[in-house]
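# Coordinate inspection notes
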Amino acid sequence: MRKSKPKKRQILPDPVYGDVRVTKFVNHLMYDGKKTVSYEIFYTALERVKAKMPNEEKSALEIWKAALENITPQVEVKSRRVGGATFQVPTEIRPDRKESISMKNLIEYARKRGGKSMSEKLSAEIVDAFNSQGGAFKRKEDMHRMAEANRAFAYFRF
């Protein structure tokens with residue numbers, strides 16, 4: 001599309017919590033258009049999170065949101081060719097991309113995890129992200145470390 005930007009699609013809030021972020025997360029989690037299965041996995045995972053953390057005063061949804069905040073990166077490196085050399089240039093991330101990256105990382109590391117069902121794996125990864133550990137949190141730390149190491153090339157950003 002040369003002239004116009006594509007219109008942002010309106011995403012409807014989910015049926016249980018009435019939150020748009022939950023719907024976005026479920027859309028990332030979904031395989032083969034099976035949205036009801038994804039919702040079931042997500043809601044079961046939140047119930048398991050609540051069962052794992054009974055002494056926490058927050059609700060399961062608040063724990064999930066805090067876990068997403070913990071694994072949301074602030075900067076990333078992008079490859080930029082300057083005069084035949086390729087530099088890793090650290091750049092700030094747009095807010096919508098931050099959200100998308102954190103959701104995708106949480107799901108990716110939950111899928112890689114050992115466990116019986118996807119809801120079990122997802123709940124374990126949410127608890128780890130809430131406690132600032134686990135694969136998704138490590139991924140964020142690695143992104144920040146890479147950006148910090150390449151901070152000298154920040155002037156190539158434009």
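Above this text sits the structure in question.
Residues numbered from 1 in each chain as written. Predicted model: local features only at pLDDT ≥ 70, side-chain atom pairs only at ≥ 80, totals over all residues. Heavy atoms only, no water.

## Some details on the overall build of the protein
For the record, the criterion: Per the convention used, a helix needs a DSSP run of H or I reaching at least four residues, while a strand needs a run of E reaching at least two, with both numbered from the N terminus. Note on classification: 1.4 Å probe, protein chains only; a residue is buried when its accessible area is under 20% of the maximum for its type, exposed when over 50%, partly exposed between these limits. A contact between two residues is defined here by any heavy atoms of the two lying within 4.5 Å. Note on areas: these come from Shrake-Rupley sampling with a 1.4 Å probe, and a residue is covered only by the protein chains present in the view. Positive charges come from Lys and Arg alone, negative charges from Asp and Glu alone, with His and the N- and C-terminal ends not counted. Lysine's charge is taken at NZ, arginine's at CZ, aspartate's at CG and glutamate's at CD.
Along its length, the protein carries six helices and two strands. If you list the helices and strands of the protein from N to C, you get α-α-α-β-β-α-α-α. Across its three principal axes, the protein shows a C-alpha extent of roughly 55 × 40 × 30 Å. Looking at the 158 residues of the protein, the share that counts as buried comes to 39%. The long-range share in the protein, meaning contacts at least 24 apart out of those at least 6 apart in sequence, stands at 61%. Taken as a whole, the protein presents about 10,000 Å² of accessible surface, with 51% of it coming from carbon and sulfur. Computed over 33 positive and 20 negative side-chain charges, the inter-centroid distance for the protein is 9 Å.

## Observations concerning the nonpolar core
Applied cut-off: Each nonpolar core is a collection of buried residues, namely Ala, Val, Leu, Ile, Met, Phe, Trp, Tyr and Cys, held together in the definition by side-chain atoms within 4.5 Å.
F25, F42, W64, L106, L122 and I126 are the most contacted members of the largest nonpolar core, which totals 32 residues. Among the secondary structure elements, those contributing two or more residues to this core are α1 (20-29), α2 (35-52), α3 (60-70), α4 (95-112), α5 (118-130) and α6 (135-149). A total of seven residues in this core trace back to one element, the largest contributor, which is α3. Other than its neighbours up to four places away in sequence, L106 contacts F25, W64, L68, I71, L122, E125, I126, A129 and A136.

## Quick look at the pairing of strand β2 (residues 85-92)
Formally: Note on pairing: two strands pair once DSSP finds at least 2 bridges between them.
Sheet topology places strand β1 (residues 75-82) next to β2; eight bridges connect them, and they run antiparallel. Each bridged residue has a counterpart across the sheet, and for R80 the counterpart in β2 is F87. The antiparallel pairing of β1 with β2 creates a hairpin that spans two residues between the two strands, and G83 there sits at a positive phi of about 60°.

## Some details on the side chain of K98
So the rule is basically this: We count a salt bridge whenever a side-chain nitrogen from Lys or Arg sits within 4 Å of a carboxyl oxygen from Asp or Glu.
Mapping K98 onto the fold places it in helix α4. Buried charge without a partner: K98 forms no salt bridge, and the closest opposite charge is E92, 5.3 Å away. For K98, the residues in contact, after removing those within four places along its chain, are T72, P73, Q74 and I93.

## With respect to the packing of aromatic side chains
Keep this limit in mind: Any Phe, Tyr or Trp ring, taking Trp's six-membered ring, that has another such ring centre within 6.5 Å forms a pair; planes under 30 degrees apart are called stacked, those over 60 apart edge-to-face, and the others tilted.
Under the defined criterion, the tally for this structure stands at seven aromatic pairs. Between F25 and W64, the ring centres sit 5.3 Å apart and the planes meet at 80°, which makes this aromatic pair edge-to-face. Pair noted here: F25 is in helix α1 and W64 is in helix α3, with a separation of 39 residues, a long-range link. Relative accessible area serves as the criterion here: at 0%, F25 is assigned to the buried category. Feature note: the residues Y17, F25, Y39, F42, Y43 and W64 constitute an aromatic cluster, connected by ring pairs.

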